[in-house]
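# Geometric and topological summary
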Amino acid sequence: MQLASSGGRRLRHAALAARKFALETGRTVTRKELSASAGEAEKALGLSAPQRLVLSQLVACWGELEMDRLLVWPSNQRLISTTGLSERAVRNAVRALIECQVVIPKDSANGKRYAVRDAAGTVVDAFGFDLTPLYARRGEWMAILSDQRRRKESLKRSFDEITICRRAAEEALSALAQYHPGVDRGGIESGLSLLKARTPRRSGTALPEGLLDAWKDIRQRAEDAFYQAGCGGTQCRQLEAEKGSPSETCDKGIRVEAPPADPIPSPGQPLLPALVAEACPVVSACAHPIRDAVDVVAAGRFLRASLGAHPSAWDEAVAAIGAVRAATAVIYVLQLYDDDVSSGRNRIRNPGGYFRSVVRMIEAGRLDLEPELMSLRRRRMV
């Protein structure tokens, strides 16, 4: 195409298309608004560093004039001095901005850039660059940025899913090699290596078509191989069904009988089951209510594990103070521990050891459970 003899630039389709953009009637654009629109355009269009520098300097030249077009007229020398770019770089940047329909060239007859003023000195027209499309397309910039954020988030989720599948597949293969070394896993490992080679790094690059589905498939294959190896070649299911009533307790209503006689006679009056039940609500965890000494012994034997006490501690307690008092001591210590935890004081660190200490004090006559239980009941009745 032939150049105009006046020094004008080549006629471009983008420049003609950009002239269709206009401001709202009576709209006054501030430099801050124009700068914000320029920032959005830079991200939406992915402008290069020289293009961003030139655009920012063009925006800085806007004097917030009351005109229907956003006209600026900086010379090339000013753009060169403010941006630090070479003249060729400035010309290339301006050409790219015109192609992107961000600015419109407005050339004078002699190719110079200047303002036209009236008799009062007010700028009424200018020759240079028209920034109207930059601001008029701000809605388009926002839509492009929104779409970019959506695609970026979708790509991030896809990469996250690939990472999860890769780790799961590697873990399944590692477990297969450790627990079932005889199983052939060569096909899965080779497929995993190929997928790793096909997967790009997290650099914003779009994933190849079907890559995510391939990762899900390799994960499924690895986990299925480990599962099948763990089944040992069998695919049977449990045939014996639980036909008991869900409300029926495990002991089938069988009551645990207390030993016929205590190895060592227990001193003092026998403890009342009602007193144990009222002073220690923890016995409500048992299947049966506390009605007699047999129920006390059964509850103590059942709740012994809740203390973390070894079965030998129960046998020693029964041998030392009798089954009834040993069971009462279990319930008493468990109630003290439950109250201690509920209060947040946590003074009983080892309830099993505390139970042994209580048994020794009862055996030595330094602790009487009946007054202690009555004291617990009084505190609960307050």
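Every value quoted in this text rests on a predicted model; they were computed, and no experiment measured them.

## Focus on the overall build of the protein chain
Tallying secondary structure elements over the protein chain gives 15 helices and 4 strands in all. Relative to its 382 residues, the protein chain shows a buried fraction of 35%. In the protein chain, of all internal contacts separated by at least 6 residues, the share reaching a separation of at least 24 is 71%. Summing over all exposed atoms, the protein chain offers an accessible surface of approximately 23,000 Å²; the carbon and sulfur share of this is 52%.

## Here we look at the environment of Val-59
Structurally, Val-59 is set in helix H3 (residues 49–60). Distance in space between the C-alpha atoms of Val-59 and Glu-33 is 9.9 Å, their sequence separation being 26 residues. Excluding its chain neighbours within four sequence positions, the residues that come into contact with Val-59 are Arg-31, Leu-34, Ser-35, Ala-38, Leu-131 and Leu-134.

## Thoughts on the pattern of salt bridges
All told, the structure shown has 16 salt bridges when counted by the stated rule. With its nearest N and O atoms 3.9 Å apart, the salt bridge here joins Arg-157 to Glu-153. Separated by 4 residues within a single helix, Arg-157 and Glu-153 lie in helix H7 (residues 138–179), roughly one turn from each other. A salt bridge links Arg-219 to Glu-223; the nearest nitrogen and oxygen atoms lie 3.1 Å apart. Of this pair, Arg-219 and Glu-223 both sit in helix H9 (residues 211–231), separated by 4 residues, roughly a single helical turn. On the basis of relative accessible area, Glu-223 is assigned to the partly exposed category, the value being 31%.

## Details of the side chain of Asn-76
Looking at the secondary structure, you find Asn-76 in helix H4 (residues 76–83). Aside from chain neighbours lying at most four places away, what touches Asn-76 is Glu-87, Val-90, Arg-91 and Arg-113.

## So, the environment of Gly-63
Checked against the element boundaries, Gly-63 lands in the loop between H3 and strand E1 (71–72). Classification of Gly-63 by relative accessible area gives partly exposed; the value is 43%.

## Comments concerning the packing of helix H2 (residues 31–45) against H3
Packing of H2 against H3 brings their axes to within 9 Å, and their N-to-C directions diverge by 165°. Between H2 and H3, the angle is such that the two are roughly antiparallel. In this structure, H2 crosses over H3, and the sense of that crossing is right-handed. Contacts from Arg-31, Leu-34, Ser-35, Ala-38 and Glu-42 in H2 reach Arg-52, Leu-55, Val-59 and Ala-60 in H3. Class assignment of the residues belonging to the contact of H2 with H3 gives a composition of 5 nonpolar, 1 polar and 3 charged.

## Focus: the confidence of the model for the protein chain
Mean pLDDT over the protein chain stands at 80; residues scoring 70 or higher make up 81%. Put simply, helix H1 (residues 13–18) is where the protein chain has its lowest mean pLDDT, 56, and H3 is where it has its highest, 93. Ignoring residues within four places in sequence, the model shows residues 244–270, a span with pLDDT below 50, making 28 contacts including any to other chains.

## Structural notes on the pairing of strand E3 (residues 114–117)
Each regular strand carries side chains that alternate between the two faces of the sheet. As paired strands, E3 and strand E4 (residues 123–130) are joined by 4 bridges and run antiparallel to one another. From the neighbouring strand, Val-116 faces E4, where its bridge partner is Asp-125. Taken together, E3 and the strand that follows it, E4, pair antiparallel across an intervening segment of 5 residues, in which Gly-121 is found at a positive phi of about 90°.

## Some words on unusual backbone geometry
Phi is positive for Glu-64, close to 55°, though the residue is something other than glycine. Among the secondary structure elements, Glu-64 is positioned in the loop between H3 and E1. Judged by its relative accessible area of 37%, Glu-64 is partly exposed. Phi at Gln-101 takes a positive value of approximately 60°, unusual for a residue other than glycine. Here Gln-101 is to be found in the loop between helix H5 (87–99) and strand E2 (104–106).

## Let's talk about the packing of aromatic side chains
This model, assessed by the stated rule, comprises 1 aromatic pair. Note on Tyr-114 and Phe-127: the rings are 5.3 Å apart at their centroids and 50° apart in plane angle, and the pair reads as tilted. Note that Tyr-114 is positioned in strand E3 and Phe-127 in strand E4, a separation of 13 residues in sequence. Its end group placed over the ring of Phe-127, Lys-106 keeps NZ or CZ at 5.5 Å from the ring centre.

About the criteria used
Residues numbered from 1 in each chain as written. Predicted model: local features only at pLDDT ≥ 70, side-chain atom pairs only at ≥ 80, totals over all residues. Heavy atoms only, no water. Helix = DSSP H or I, 4+ residues; strand = E, 2+ residues; numbered from the N terminus. Buried < 20%, exposed > 50% of the residue type's maximum accessible area, 1.4 Å probe, protein only. Contact = heavy atoms within 4.5 Å. Areas by Shrake-Rupley, 256 points an atom, 1.4 Å probe, with all protein chains shown as cover. Salt bridge = Lys/Arg side-chain N within 4 Å of Asp/Glu carboxyl O. Axes fitted to C-alpha atoms, helices over the stretch in contact; angles between N-to-C directions. Parallel < 35°, antiparallel > 145°, perpendicular 65-115°, else oblique. Left-handed = near helix turned anticlockwise from the far one by under 90°. Nonpolar A, V, L, I, M, F, W, Y, C, P; charged D, E, K, R; others polar. pLDDT = per-residue confidence, 0-100. Pairing = 2+ DSSP bridges. Phe/Tyr/Trp six-rings, centres within 6.5 Å; stacked < 30°, edge-to-face > 60°. Lys NZ or Arg CZ within 6 Å of the ring centre and 35° of its normal.

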